[in-house]
Amino acid sequence: MQYESTRGGIDPVSSAEAIKLGIAPDGGLFVPAKKVKINDIFLQNLISMDYRERAIEILSLFLDDFSREEIAECVNSAYTADKFDNSEIAPLYILNNNVYMLELFHGPTCAFKDMALQLLPHLLVKAVRKLGEKDKIVILVATSGDTGKAALEGFKDVDGTSIIVFYPDEGVSQVQKMQMVTQEGKNVHTVAVRGNFDDTQNGVKEIFTDNELVHRMQSKGLKFSSANSINWGRLVPQIVYYFSAYCDMAAKGEIKPGDEINITVPTGNFGNILAAYYAKEMGLPVRRLICASNDNNVLTDFIKTGTYNRKREFKKTISPSMDILISSNLERLLYEVTNHNSALVRSWMESLKNTGEYTVDEETRKKISSIFWADYTDENETLNTIQCIYDEYHYLIDTHTAVGLDVYDKYVISTNDMSKTVIASTASPFKFTGSVALAVLSEDGISGRNEFELLDVLANKCGLKIPAPLKDLDKKPVLHRNVCLRTEMKVTVERLLGF
Ligand SMILES: *Cc1c(COP(=O)(O)O)cnc(C)c1O
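I will try to describe carefully the structure that is included in this document.

Thresholds, definitions, all that
Residues numbered from 1 in each chain as written. Predicted model: local features only at pLDDT ≥ 70, side-chain atom pairs only at ≥ 80, totals over all residues. Heavy atoms only, no water. 1 Å grid on protein atoms, 1.4 Å probe; cavity = no way out; pocket = protein on both sides within 12 Å on 5 of 7 lines; lining within 4 Å. Points joined across faces, edges and corners; volume = space filled by probe spheres on them. Helix = DSSP H or I, 4+ residues; strand = E, 2+ residues; numbered from the N terminus. Nonpolar A, V, L, I, M, F, W, Y, C, P; charged D, E, K, R; others polar. Near = heavy atom within 4 Å. Polar contact = N/O pair within 3.5 Å; in protein donor to acceptor, adjacent residues only side chain to side chain. Areas by Shrake-Rupley, 256 points an atom, 1.4 Å probe, with all protein chains shown as cover. Sits in = over half its atoms within 2 Å of the grid points. Phe/Tyr/Trp six-rings, centres within 6.5 Å; stacked < 30°, edge-to-face > 60°. Buried < 20%, exposed > 50% of the residue type's maximum accessible area, 1.4 Å probe, protein only. Lys NZ or Arg CZ within 6 Å of the ring centre and 35° of its normal. Contact = heavy atoms within 4.5 Å.

**Let's talk about empty space enclosed by the protein**
Here's step 1: If you walk through the whole model with that rule in mind, you get 4 cavities of 30 Å³ or more.
Here's step 2: Around the largest cavity, the lining is made up of 27 residues, and of these F112, K113, G268, N269 and S321 lie nearest the centre.
Here's step 3: Listed by contribution, the elements that provide at least two residues to the lining of the largest cavity are α7 (146-155), α11 (232-251), β9 (261-266) and α12 (271-282).
Here's step 4: Partitioned by chemical class, the residues of the lining of the largest cavity number 11 nonpolar, 13 polar and 3 charged.
Here's step 5: The volume enclosed by the second largest cavity comes to roughly 100 Å³.
Here's step 6: If you trace the second largest cavity, you find it lined by P32, K34, K35, V36, F62, Y278, E281, M282 and E336.
Here's step 7: Here the lining of the second largest cavity gets 3 residues from one element, more than from any other, and that element is α12.

**A word on the site of the ligand**
Here's step 1: With respect to spatial proximity, 15 residues lie near the ligand, and among them K113, D146, G268, N269 and N272 are the closest.
Here's step 2: At 2.8 Å from an oxygen atom of the ligand is found a main-chain nitrogen or oxygen belonging to N269.
Here's step 3: Between T426 and the ligand, the recorded distance is 2.9 Å, taken from a side-chain N or O atom to a nitrogen atom.
Here's step 4: About the coverage of the ligand: the protein hides 97% of its 380 Å² of free accessible area.
Here's step 5: For the ligand, the cavity whose grid points lie within 2 Å of the majority of its atoms is the largest cavity.
Here's step 6: Per-class residue counts for the shell around the ligand are 5 nonpolar, 8 polar and 2 charged.

**A look at the packing of aromatic side chains**
Here's step 1: Within the structure shown, the criterion is met by 16 aromatic pairs.
Here's step 2: Residues W232 and Y278 carry aromatic rings whose centres are separated by 5.3 Å and whose planes lie at 90° to one another, so their mutual orientation is edge-to-face. Of the two residues, W232 is situated in helix α11 and Y278 in helix α12; the sequence distance between them amounts to 46 residues. A single burial state applies to W232 and to Y278, both of which are buried.
Here's step 3: Taking 5.7 Å as the distance between ring centres and 70° as the angle between the ring planes, the aromatic pair formed by Y277 and Y278 counts as edge-to-face.
Here's step 4: Its relative accessible area of 6% is what places Y278 among the buried residues.
Here's step 5: Positioned above the aromatic ring of F66, the side-chain terminus of K130 is 5.0 Å from the ring centre.
Here's step 6: The aromatic ring of F499 is capped on one face by K220, whose charged end is 5.0 Å from the ring centroid.

**So, helix α8 (residues 174-181)**
Here's step 1: With 6 of 8 residues buried, α8 lies mostly within the body of the structure.
Here's step 2: If you check which residues of α8 are buried, you get V175, Q176, M178, Q179, M180 and V181.
Here's step 3: Contacts from the buried residues of α8 go to α7, β6 (161-168), β7 (188-194), α19 (433-440) and α21 (451-462).

So this is what it looks like as structure tokens:
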């Protein structure tokens, strides 16, 4: 399988090369050159497998320059019992007759990004060796919170790599910040940027495409790569769990193989839901992909109207991992639905960069809205959803997952479609304790307590155990204190690399 750039400016490359590079040299994103299709027998065979076996089958379809043994080694190193606190890795919780919670937060950082970021470092190291590369890989990450910690955990002490994570100083929760500044490992750095996530992401993109810096790196035997969700090696592991959820539903007799389901994804950078789109395109029986946003509802407007307009106020919400106005992975969807029309995609992306907006043609808009349904949830609705779900089912969800569930409700009201639906449950409720506690405890119960104290209060009230990675986080030593302005990101990288 060859990979091509959404901007059309390069010759196709192997999957190893695409994973090593992260972003295409012409500024585009790598996508498979051909469609990958499965048949009924493939799906039938997956049903009796466990998560790791399912992952090996699906990854092999996309990464065919890796041997099956190599893929198995990567998968078996990533999804282990010492890193995931549930033996099913991505278990399905049946909320009611129609709603299935796909719990993606059982990894070392308690959010869904572990699903990809535990695997990516293994794929990357194998890809680099396969290509005969001797350079040391420097991973640069811009994070709205969860990616950063997940990438740090994935790459810590992986030979031949080092990692620098930038996060918006005011854009992450107390718990997320503590998770990052206490990170151990001899090859890890974290830097707080004075700005929002888009500033941080744009800063990292500029460093990647700074030819002068890339050249100087080369002379020192260093090479940048990305662990952001623009890396194909991040996207492909996410396809696996949608198949796995479907197979679990079939194995439990909740559906018959072939029945169509819906998938709802609380969305920010459009990576997670794009993986669901690829699963559908491969032949997983999916009726509709429901794209759930918070008050930063740029995707809702886009899917409804065909106009992407980022010229709006950036809002800080209680679902901070979705506080994004430029959803990078949307570029891949545009490339796919226009049948790989890189000239069109390039013109839209240039328009976005130059004018802050673009409008797709009517045919593209129709195609997108036949596959996706979109809406958003405000702050009050998010808290209400957490409370209602807890009251009705005694099941505790985090703020992002609540956005997904509330938008799913809106979907049902608007369409009457009662197909069984998988909701991507993207974080442990304990990761966003402040807001979750506000939803399920009285004001008295929470006033005057910080997020760390609330962990205990919440665990007691709900009869749950605090996940091990979050327990006693506030007592760990702070190991990272770097802070920089948006304009100082490049010099900070140079300093950390010892230039
Ligand atoms: C990253 C993240 C999201 C958004 O996922 P995208 O792939 O960026 O759309 C949603 N919820 C949580 C908890 C996240 O960490």
